[in-house]
Structures are given as structure tokens and as C-alpha cells.
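Now for the letters of each chain:
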Amino acid sequence: MTHYIYLVRHGEHQDAEHGLADGPLSPRGRRQAALLADRMSGVPFDAVWHSPLERASQTAHAVADRMPSVNPEPSALLFDCVPTGMTPETPAAFEPFFGGVTDAEIEAGRAQMGDAVSEFLVRRPGEVHELLITHNFVIAWFVREVLQAPEWRWMTLNQAHCGLTVIAQKQGRPWTLVSHNDMAHLPVELRTGLPEAYPV
Ligand SMILES: O=C(O)[C@@H](CO)OP(=O)(O)O
């Protein structure tokens, strides 16, 4: 019996190129979400959770619309956030990023990620499949947590729009990383959202 959590970053949103924080999915984002829905259509989901932001909600509904028995629900624990601040271990290369982040945002992000781990990374009885549609940094934090990597390491983990990351726990065993940022369902022109173009 295995508990699977499928972590998916939302599709590209319409206003991303104008620097707006949220908005509906772009035409490319809608295609990403449809292909994700095709990919996931055979999974017997017990639950679909999504960040309350529009881009995540629309992505979740694109998947769930194909599964009449699944009702996607928003969770504030999956909201976009900055999980930690600059620490003595954080490489100096990341310093500019934190220039635009307040202490209050970091404190809130850390608390949110602590609560999210307590809520989702728990053993549930039986075979369980849960889909979480959320944001780049949130997925990075979950992966870091599963690997028990140093805190700052979330900054080195990036996921493409509608890339698929799977973590799983078998009865009595630790959480494992099954796959990271799997983009097999996305043609090259739809592999967006990574900091640099994927070289292969
Ligand atoms: O702004 C970003 O780069 C990330 C951070 O998590 O968010 P999103 O996945 O919503 O694009």
C-alpha cells in the first residue's frame, strides 16, 4: 500500500509576461493543463487540492473536469510563498533574490510550509493518490523536505509549468522522490517556466 502525492506547478498564466502576480491561464497554459489532464486521467485520485490563486485553480479544474468523482478544493497551505530567508549557509549568489522579500513574508512562508508538511506529508491508510496543484517554491520545499536537504536547497529546485513531481511513501518506509519535473506529456514548445531553457 502506497501513499502517492503528485505535485504539479500550475500552467503558464496570461499575464506572466507583464509581471502580474496572477491571472487566468494563457492559451499555452490551457494546453499544458489539457495535456496534464490526459496524462493523469487514469489515476484514481482520492483528493485534488490547489492553491487559491486563479492559475492553480484553473489548472486543477482542467484535470478534475475529466474525473466526475473528484472535487478540487483550495488550500491556503498551497499558496505561493517564500519558504525561508537568507541564512549563513545560503550561497551568496542567492542574496539579490532576498532583496525584494520582507521579513514578514519570510516568517509567513516558513509557518505556511511547516503547516503544509504537517498536513500533507503524513501516512494515510491504504492506497492513496493525492494531487496538489501549487507553485514552484512550494514544490521545491516539499522535495527538499523529502530529501532532508539543507533548508536553502529549495532555491536550487525548479519545476516547469505543469511539470509532474511525484513523492511516495510505502507503509513503514520513508518518503521517497519517485520523479522530479517529469515533462513527458509536454512538447518542447510547452516546456515553460524554468529559469533557463532545458538543454535536451
Ligand atoms: O513566482 C514564481 O516564480 C513562483 C514561485 O513559487 O511562483 P509560480 O509557480 O506561481 O510561478
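Residues numbered from 1 in each chain as written. Predicted model: local features only at pLDDT ≥ 70, side-chain atom pairs only at ≥ 80, totals over all residues. Heavy atoms only, no water.

Chemist: Quick question: what am I supposed to make of the sheet that holds strand 6 (residues 176–182) here?
Modeler: Sheet strands line up and pair through hydrogen bonds in the backbone, either parallel or antiparallel. Spatially, six strands are ordered 3-2-4-1-5-6 in an open sheet, and the strand pairing comes out mixed. Where the open sheet ends on each side, the last strands, each with one partner, are strand 3 (73–74) and strand 6. As paired strands, strand 5 (residues 164–170) and strand 6 are joined by four bridges and run antiparallel to one another. By the bridge assignment, Leu164 is partnered in strand 6 with Asp182. (Pairing = 2+ DSSP bridges. Helix = DSSP H or I, 4+ residues; strand = E, 2+ residues; numbered from the N terminus.)

Chemist: I tried to follow the environment of Met113 on my own but got confused; where do I start?
Modeler: Tracing the backbone through its elements, the reader meets Met113 in helix 4 (residues 103–120). Of the residues examined, Met113 reaches a relative accessible area of 1% and is grouped as buried. Spatially, the C-alpha atoms of Met113 and Pro83 are 6.3 Å apart, while their sequence positions differ by 30 residues. Excluding residues within four positions of it along the chain, Met113 makes contact with Leu77, Cys81, Pro83, Val138 and Trp141. (Buried < 20%, exposed > 50% of the residue type's maximum accessible area, 1.4 Å probe, protein only. Contact = heavy atoms within 4.5 Å.)

Chemist: Whenever I open this one, the site of the ligand confuses me. Can you help?
Modeler: Lining the immediate surroundings of the ligand are Arg9, His10, Arg55, Asp80, His135, Asn136 and Phe137. Within the contact set of the ligand, an oxygen atom lies 2.8 Å away from a side-chain nitrogen or oxygen of His10. Computed on the free molecule, the ligand has an accessible area of 310 Å², of which 75% lies beneath the protein chains in the complex. (Near = heavy atom within 4 Å. Polar contact = N/O pair within 3.5 Å; in protein donor to acceptor, adjacent residues only side chain to side chain. Areas by Shrake-Rupley, 256 points an atom, 1.4 Å probe, with all protein chains shown as cover.)

Chemist: Could you clarify how one ought to interpret the nonpolar core in this entry?
Modeler: Taken as a class, soluble globular proteins show a tendency for nonpolar side chains to be buried jointly. Judged by nonpolar contacts, the single largest core of 27 residues is most densely connected at Ile5, Leu121, Phe142 and Ile167. Those elements giving two or more residues to this core turn out to be strand 1 (2–9), helix 4 and helix 5 (136–147). The biggest single contributor to this core is helix 5, with seven residues. Discounting chain neighbours no more than four positions away, the residues touching Phe142 are Leu7, Ala116, Phe120, Leu121, Leu132 and Ile167. With 24 residues, the next largest nonpolar core counts Val43, Cys162, Leu164 and Leu194 among its residues. (Core = buried A, V, L, I, M, F, W, Y, C linked by side-chain atoms within 4.5 Å.)

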